[in-house]
2 protein chains.
Amino acid sequence: MSGQKRRPPIVGRYLRQEVELASRNSGMPLEALRYDLTPAGLHYLLIHFDIPEVDAFAWRLRVGGLVSRELSLSLDELRRMRARTVRVTLECAGNGRGQASPRYPSMPWLEEGVSTAEWTGVPLSAVLNEAGLEKSARDIVFHGADRGFDGGIEHTYSRSLKVPDAMREEVLLVYAMNGAPLLPQHGAPLRLVVPGWYGMASVKWLERIEVIDTAFDGVQQALSYHFRQAAGEKGVPCTKIRVNSLMVPPGIPDFFGRRRTVEAGDVEIFGRAWSGDGDVKRVEFAVDGAWQDATLDAPAGPYAWRGWRSRWRAAVGAHELRCRATDASGAVQPLEPPWDVTGFGNNGAQRVEVVVR
Amino acid sequence: MSGQKRRPPIVGRYLRQEVELASRNSGMPLEALRYDLTPAGLHYLLIHFDIPEVDAFAWRLRVGGLVSRELSLSLDELRRMRARTVRVTLECAGNGRGQASPRYPSMPWLEEGVSTAEWTGVPLSAVLNEAGLEKSARDIVFHGADRGFDGGIEHTYSRSLKVPDAMREEVLLVYAMNGAPLLPQHGAPLRLVVPGWYGMASVKWLERIEVIDTAFDGVQQALSYHFRQAAGEKGVPCTKIRVNSLMVPPGIPDFFGRRRTVEAGDVEIFGRAWSGDGDVKRVEFAVDGAWQDATLDAPAGPYAWRGWRSRWRAAVGAHELRCRATDASGAVQPLEPPWDVTGFGNNGAQRVEVVVR
């Protein structure tokens, strides 16, 4: 941790650096919860450095380290392998950070760092089996082409998975998104997608897979992306997505401040709920603190968000709408943001302020 | 103006409402200046209200008011008309607002509210000619499906063009972008594109065209989108895009603060320059205040940005890089942001701080 320059927590207004990050990294506008699959260009993006320029024709995926056979695969070779498509809800581990107070100065997601897509690619396990993992293999390291500084340390964006996590059949080396070639900003020509885990695991612009017999100690693995109650703690790595839910804010917005105005009468509330730790089993919806069960849509797969809806007889006046989900593990969203020093894993129940007229 | 609730200017840190807008409205990361056509999902977006849900099959474009024949056109009928494709650089009139101090609290674009696409659609003039404008026609009003509050007034997003501006042959009713069907967030199923003008003129989610014999007094036409030296002035309407330019920041960034690190030696600087008021005739590049002419790429059409490049022998140390363009009208970018109460038309020359090692 000694190399990590920590930033002090702040309260109140946002720094220019936070606005720079929010301007570069797009969120999914909440009305796009209406789409089962988030359309191209509405899927959230968290790009740590710059979008690298990769020549897909010259590009090769290199696989090395503790393997029986080093590999160097072209995109065509990967495309000729058995493909699999998985519908996956990805969420940024820092989603909701910008709502906490005090907050860690970083990408100030309010709640829009989540989206769902169908990802098509080769199971990672197939490539690792072709290379042949040696017995001593412990971590599989994924190196992206994107390079820069974070926490005062220069590095490429690299993350690792332990062998059993890497060998899960739904972990993919992805070259297509929603049936179309992967876009530059989503990691073209090839990216990792780790269903059920926060987005930081799904390394974009993948260039090299390295098999090692130690715990990978790269910045993004060992320093960033840990839950910590206090600065300087070792912390607990961010892995699976915590149970979470959002609703499409009803009515019409004000341009500045996004306050909602709703017509009195019956209003259908629609939203999505998701969890990396088991199916969503229950969603509750509250008006002014009175909770009721919402109706769940059919599940859309083990790694995709699940639709939910609730009817609300809207009465004239100001109201606060909230929702919270429960997953199969029994985890329930907290009503207030859970504390984390760097603002990871905020699954506090959404609040939507509306005025009914 | 009496209905407009003005917000007082602020300095320093950014409001939560500004961050909400930056999270919803994506900018083009500056490294995407490398693409002649901005790929889907990297084109900037300014969405005043919510992305409306439009059923493209039930949708009709209605044309009415002071016309000989009212029209109601389906998307298929529009697609069967003679199509035209135009390469257009669009820029948000508020681009650069977030850099000014004091600044107007609104979408806090720093510099990323600009992009280029090829738009395909029917010339507006063809539809207006089919409807037949009456002699008294003065303004053509374009009504979008998106509705909300701005300045305390509820309205759909609506803008107008005077007849001669509307009849320009390159003004299009657009259903495709970069050869693909228009995406929801870009105005599907149909939008207006007004080449050469700031983006506010290119009304998205178009539903109705209305021909009137007065000056349209809608919020977005008569109150918003005016250059004003002081609050309360009538002001000058925003129309053509002012001459502007940007470079791809060289080197690698820091995640937080985006400061750039560059290797010493020869560096090629690449950027784009554009103007709504005539071709770009000159681009200059400066290192630490020493200006030199950049090399211009071939023009890419009368409404598209033009590439430029410059070589820089980078010496170890901290440097400030800048660029500025001049257009055929003789207009030159100012070195400092021009003053405007609500932060429109900021074409002050870009600054990129780098450390060479």
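Scroll up for the structure.
Thresholds applied
Residues numbered from 1 in each chain as written. Chains lettered and ligands numbered in written order. Predicted model: local features only at pLDDT ≥ 70, side-chain atom pairs only at ≥ 80, totals over all residues. Buried ≥ 20, exposed ≤ 12 C-beta atoms within 10 Å, placed from the backbone. Helix = DSSP H or I, 4+ residues; strand = E, 2+ residues; numbered from the N terminus. Contact = placed C-beta atoms within 7 Å. Pairing = 2+ DSSP bridges. Nonpolar A, V, L, I, M, F, W, Y, C, P; charged D, E, K, R; others polar. Core = buried A, V, L, I, M, F, W, Y, C linked by C-beta atoms within 7 Å. Least-squares fit on C-alpha atoms with pLDDT ≥ 70 in both. Axes fitted to C-alpha atoms, helices over the stretch in contact; angles between N-to-C directions. Parallel < 35°, antiparallel > 145°, perpendicular 65-115°, else oblique. Left-handed = near helix turned anticlockwise from the far one by under 90°.

Visitor: Could you give an account of helix 1 (residues 16-24) of chain A, with specific residues and numbers?
Guide: Within helix 1 of chain A, 7 of the 9 residues are buried, which leaves the element mostly enclosed by the surrounding structure. Residues of helix 1 of chain A that are buried include every one of Glu18(A), Val19(A), Glu20(A), Leu21(A), Ala22(A), Ser23(A) and Arg24(A), and no others. On its buried face, helix 1 of chain A is in contact with helix 1 (16-24) of chain B.

Visitor: Describe the pairing of strand 6 (residues 153-162) of chain A, and please don't skip the residues or the numbers.
Guide: Residues and elements named next belong to chain A. Bridge count between strand 5 (residues 139-150) and strand 6: 9 bridges; the pairing is antiparallel. Looking at the pairing, His143 lines up with Ser158 of strand 6. Where strand 5 folds back on strand 6, the antiparallel hairpin that results is connected by 2 residues, among which Gly151 adopts a positive phi of roughly 60 degrees.

Visitor: Run through the interface of chain B and chain A, naming residues and quoting values.
Guide: Facing 49 residues of chain B, the contacting portion of chain A comprises 49 residues. Elements represented by at least two residues in the side of chain B that touches chain A include exactly helix 1, strand 5 (139-150) and strand 14 (252-253) of chain B. A total of 7 residues in the side of chain B that touches chain A trace back to one element, the largest contributor, which is helix 1 of chain B. The residue inventory of the side of chain B that touches chain A, partitioned by class, reads 23 nonpolar, 12 polar and 14 charged.

Visitor: Give me the lowdown on unusual backbone geometry, citing residues and values where you can.
Guide: Only a minority of non-glycine residues have a phi that is not negative, and only a minority of peptide bonds are not trans. For the bond from Ser101(B) to Pro102(B), the omega torsion is -5 degrees, close enough to zero to count as cis. Here Pro102(B) is to be found in the loop between strand 3 (84-91) and strand 4 (114-123). Ala188(B) connects to Pro189(B) through a cis peptide bond whose omega is 5 degrees. Within the fold, Pro189(B) resides in the loop between strand 8 (180-181) and strand 9 (191-193). With a phi close to 50 degrees, Trp205(A) is a non-glycine residue in the positive phi region. Counting through the fold element by element, Trp205(A) comes out in the loop between strand 9 (191-193) and strand 10 (206-212).

Visitor: Could you give me a rundown of the nonpolar core, with the residues and numbers involved?
Guide: Within the largest apolar cluster, 182 residues are counted, with the highest numbers of intra-cluster contacts made by Leu172(A), Leu173(A), Leu172(B) and Leu173(B). The contacts of Leu173(B), once residues within four sequence positions are left out, are Leu78(B), Gly121(B), Val122(B), Leu124(B), Val127(B), Leu190(B), Leu192(B) and Leu206(B).

Visitor: Give a description of the relation of the copies chain B and chain A that names residues and reports values.
Guide: Two chain copies, one operation linking them: a rotation about an axis together with a shift along it. Mapping chain B onto chain A calls for a rotation angle of 180 degrees and an axial translation of 0.0 Å; the resulting RMSD is 0.0 Å. Taken together, these values place the two copies in the relation of a two-fold axis. Within chain B, the C-alpha atom positioned nearest to the axis of rotation is that of Gly41(B), 1.6 Å from it.

Visitor: Pulling in residues and values, what's your account of the packing of helix 1 of chain A against helix 1 of chain B?
Guide: Two elements in contact, helix 1 of chain A and helix 1 of chain B, have axes whose closest approach is 7 Å; the angle formed by their N-to-C orientations is 25 degrees. As the angle between them shows, helix 1 of chain A and helix 1 of chain B are arranged roughly parallel. For the crossing formed where helix 1 of chain A meets helix 1 of chain B, the hand is left-handed. On helix 1 of chain B, the residues that touch Glu18(A), Val19(A), Ala22(A) and Ser23(A) of helix 1 of chain A are Glu18(B), Val19(B), Ala22(B) and Ser23(B). Of the residues contributing to the contact of helix 1 of chain A with helix 1 of chain B, the split by class is 4 nonpolar, 2 polar and 2 charged.

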